[in-house]
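Remarks on the overall topology
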Amino acid sequence: MSEPTPAAARRRRRATRPGVLLADGLARLLICAGGAGTIIAVMGVCFYLLYVVAPLFQFSTIDEPRDLPHDQPAGLILSGMDDYHTLAWSLSTGGELRVVRLDDGAERFKQQVADGKTITAATRLIGSPRVALGFADGSAQLVEIKFVSKFIEEDKLDPAVRQTLRQTPDAIVDYDQGVLQRAGEGQFRVQSVSYHALTTAKIADAPVHHIALADTPTGLLIGALSGEGETLSLHAVRGRQSQNMLTGEKTLKFAKPLAIPLPPGKHDAAMFLGVAGSGSEMSVAYRDGTLARINLADPASPYVAETGRLFDGDAALTSIGYILGSTTLLWGDSTGAVAAGFPIRLADADDDAKATGLIGAERDPRSLSMFAITKHLRLSGPAMTSFAPSPRRRLALAGFADGSIRMFNITTASTLAAAQLPVSEAVTSLTMNERENELLAATPNGVYRAAFDPRYAEATFGALFTRVWYEGYPAPVHAWQSSSGTSDFEPKLGLIPLVFGTIKATFYAMLFGAPIALLAAVFTSEFLHPRAKAIIKPSIELMASLPSVVLGFLAALVFAPFVEHIVPTAMTLFVAMPLSFLFCAYVWQMLPEHWTLRLASWRLLFMLVPVAIGSLLAVEAGPTVERVLFGGDLKAWSAWGPEVTDPAQARYASAVGGWAILLLPVCAVVVALVVNRTLSAALRRSHWSRRTLASLDMLKFLGSVAAAGAMTWALAAGLDGMGLDPRGPLMIWGINLSPIDTYVQRNALIVGFVMGFAIIPLIYTIADDALSAVPDHLRSASLGAGATPWQTAMRVIVPTAMSGLFSALMIGLGRAVGETMIVLMAAGNTAILDMNIFAGFRTLTANIAVELPEAPKDGTHYRTLFLAALVLFAMTFLVNTVAETVRQRFRKRAYQL
């Protein structure tokens, strides 16, 4: 008889089936592939953004200048070159217009213009073919000198020309008075120069030494400076262009010349005359650096608005002129310093702005503006002898006495690139073409050409992330304004207002949505009956399916106009609703215990009672609050400032209401902490009955509310008595951190409320799942030790689930940061740095959505928008990294339980 088999041997041997192993391997492979694919996709987005953004930070370049085999005309006064690098024209004081080829310097055309008169002054309208000429007889003439492009088919060309172009497709061939070159398959471009004299006007009786031209909103304006010393005089003449409706012929007529006053006793050699693009003022600069600004706002009574020196010391002015827009002046002196400035409003100028004014400035009391020296592009070196303003943006090429050439960005006061001519001679004339990629530099003994590339000159690091002093602004600011209705617009590409707007939207959305979502999750997880939770939780999760465009539409067209009329009631609701809930909770404690046990299943229905009480209290108390705290009109109160002198608005001067709004939450927290540390601790140690403790709790609550209100009122009145006002600007690093200011219909209050509803479902769902995942034995142990359900939830369940709760908050934060349509439709899209809850803002996402479809591909604006996307990516990446680190710490603590 054999021995019995041991139990271990009799145990059935089980082996995993091959199908299960295969499914497990496929699942593992798919999970790994999905995770790796997600990482690759995210990094791919990052690398693509970097690929698009990287060219923004490439350096501008100027190629090595090369000699143009062309004799410089004697008395060169103006010149120009075309966009195709084929032709250049020059105008001499003798009235000779010459056109030469740029490749070999061969002369293609020569014409005597100006009826043989000697040209004593000339100026060219920036970005326009119009030229104003001044003559020795005191007259002025307006002409047009422009390049003309004409396209012709190959079969219309001379056979010899066709043969040449077939043999050398890139060749430039002489054709008529211009040149011919291939423009495309079977198509050729003829480039030539056109000269057209428009009209002539007698301005002065003495030779015109300096002339200025501006295309103002009221028509053309020509200024002429004539005479010398005691006979120095300034005149202006306005021209109006009309068109024959039948023939289409355009005619230009000048009005009678107007005598313009000059600074008294100033008879030094004037070296510059300019007319502002607005036509409201003229500028006269003298050799010693004196600048005189003449106000032309009223043509019948012009006056000298301001005089002063552009620099100190004994230096002499070497070159000066307007850049694009004819508002900002650029100048250089004999010490090599290069600077720029423009007029700003006196009413907006603070002490720092006034310190940048003209040296020894004398200002007419009627003047409403002052000239501010805002840019210092170079401090010393060889003197600037000439410059060429860009016809497209705020750039300038400057030539110096040592033969060097520099490219300046006037907006950011930075040097973009530099080059040196083959000779160390002063650059007497500089010209750039319309496309900003080719320059001509003339010296006393030669002419040189060079290719240059400004690249993305407006998007320097300083322009993107630091404060910039923009034209017409009283101080450096962070600003975003990428386009305008005029071609001479100065782009403002500061990303800080967009980053600030994104943070502001996220802050107010989380401030409203996060507490509601977390408290709702705690309630449904720990206190709500499972059958009610099975209905309520899916209903809340359905809120996440609401399209953000619908929420944005409701916010912009329904909530914003509605709240505008009940702002005090809406603000009172934020106080009345929590108070009504707390009051009803204390009333519930005062009920007999058998009542509370019997009515516990109806607790959710009873929660509608405090909602009704809070709403009714806000509606009834709102007008009273507005009358007591805000003088009867909250919007008028928020717009009040110390500069308001209307006696009817004196009732808005008190700042108690504003301080009360800000201090009430702080005082409530302080009172709650003090009461919990003193009275609540004493009550917990007492042995009174439940009803007595509930009654004392109610008295404690009412006393705390009264104490918080009294403390708030006392502090608010004290701060107001000290002259402090929360409506005043609180500027730190260019950001107005004042939380209360002028009310705007589409504001952060509306966006925070509506966006809060967008993030509540996400935070609630994840938080509820995290709380529900806490093991039941922890609840049982806490309740068995005598803790109440509320104590168990706050001191056991919430700390254990903290990693999940933190994850819920971070996902809600990411949803708020990336929101587009709600902020696009309800935030007003104003790129301002203002923490005011009643003001709008512009976020990174909304800005990209609005402007990217209209941005020219691969342009500065286009790439800057991609940079905004990269900044948003970096922000979310940084926040999520920090959040994951914190979450892991909470998770480790939870595992220890």
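Relevant structure appears above.
Residues numbered from 1 in each chain as written. Predicted model: local features only at pLDDT ≥ 70, side-chain atom pairs only at ≥ 80, totals over all residues. Heavy atoms only, no water.

**Here we look at the overall build of the protein chain**
Counting its secondary structure elements, the protein chain contains 22 helices and 37 strands. The C-alpha radius of gyration computed for the protein chain amounts to 38 Å, which surpasses the reference 29 Å derived for 897 residues by more than 25%, pointing to a less compact arrangement than a globule. Seen along its three principal axes, the alpha-carbon backbone of the protein chain occupies a region of about 125 × 100 × 60 Å. Each of the 897 residues in the protein chain was classed as buried or not, and the buried ones make up 46%. The long-range fraction of contacts in the protein chain, counting pairs at least 24 apart against all pairs at least 6 apart in sequence, stands at 62%. For the protein chain, the exposed surface amounts to about 44300 Å²; the carbon and sulfur share of it is 61%. (Helix = DSSP H or I, 4+ residues; strand = E, 2+ residues; numbered from the N terminus. Rg over C-alpha atoms; globule rule 2.2 N^0.38 Å. Buried < 20%, exposed > 50% of the residue type's maximum accessible area, 1.4 Å probe, protein only. Contact = heavy atoms within 4.5 Å. Areas by Shrake-Rupley, 256 points an atom, 1.4 Å probe, with all protein chains shown as cover.)

**What to know about a nonpolar patch on the surface**
Taken together, the side chains of Val549, Val550, Phe553, Leu554, Leu557 and Val558 make up a nonpolar region of the molecular surface, amounting to roughly 460 Å² of accessible area. Residue class for Val549 comes out partly exposed when judged on its relative accessible area of 37%. (Patch = residues over 30% accessible without salt bridge, like charges linked within 9 Å, V, L, I, M, F, W, Y side chains within 5 Å. Salt bridge = Lys/Arg side-chain N within 4 Å of Asp/Glu carboxyl O.)

**Brief notes about the packing of aromatic side chains**
Per the stated rule, a full pass over the model turns up 19 aromatic pairs. Measuring from centroid to centroid gives 6.4 Å for Phe873 and Phe877, while their planes differ by 10 degrees, and the two rings are stacked. Of this pair, Phe873 and Phe877 both sit in helix α22 (residues 860-895), separated by four residues, roughly a single helical turn. A relative accessible area of 51% places Phe877 in the exposed class. Aromatic rings pair up to connect Phe512, Phe559, Phe574, Phe753 and Phe757 into one cluster. The ring of Tyr84 carries the charged tip of Arg189 above its face, separated from the ring centre by 3.6 Å. In this arrangement the basic side chain of Arg378 is found over the ring face of Phe400, its NZ or CZ atom lying 4.4 Å from the centre. (Phe/Tyr/Trp six-rings, centres within 6.5 Å; stacked < 30°, edge-to-face > 60°. Lys NZ or Arg CZ within 6 Å of the ring centre and 35° of its normal.)

**What to know about helix α8 (residues 548-565)**
The α-helix winds at 3.6 residues per turn, so residues separated by three or four positions along the chain end up facing the same way. The terminal C-alpha atoms of α8 lie 25 Å apart, and with 18 residues this matches the ideal 26 Å at 1.5 Å per residue to within 8%. Most pronounced at Ala555, the bend in α8 amounts to some 40 degrees. Taken residue by residue, α8 has Ser548, Leu551, Gly552, Ala555, Ala556, Ala560 and Val563 as its buried positions. Each element contacted by the buried residues of α8 is listed here: α9 (567-590), α16 (748-772), α19 (802-817) and α20 (821-826). (Expected span 1.5 Å × (residues − 1). Bend = angle between axes of the 7 residues up to and from the residue.)

**Some thoughts on the sheet that holds strand β29 (residues 404-409)**
Whether parallel or antiparallel, the strands of a sheet pair through hydrogen bonds between backbone atoms. Spatially, four strands are ordered β27-β28-β29-β30 in an open sheet, and the strand pairing comes out antiparallel. Both outer strands of the open sheet, β27 (384-389) and β30 (414-420), are each paired with one neighbouring strand and no more. Averaged over all neighbouring strand pairs, the angle between strand axes comes to 20 degrees, with direction disregarded. With five bridges joining them, β27 and strand β28 (residues 395-400) adopt antiparallel strand pairing. Among the inter-strand pairings, Pro389 is bridged to a residue of β28, identified as Ala396. (Pairing = 2+ DSSP bridges. Axes fitted to C-alpha atoms, helices over the stretch in contact; angles between N-to-C directions.)

**A few points about unusual backbone geometry**
You will see that Glu436, though not glycine, has its phi angle at about 60 degrees, which is positive. Within the element layout of this structure, Glu436 appears in the loop between β31 (429-432) and β32 (438-443). Of note in the backbone geometry, Arg455 takes a positive phi value of approximately 55 degrees without being a glycine. One can find Arg455 in the loop between β33 (446-453) and α5 (461-465).

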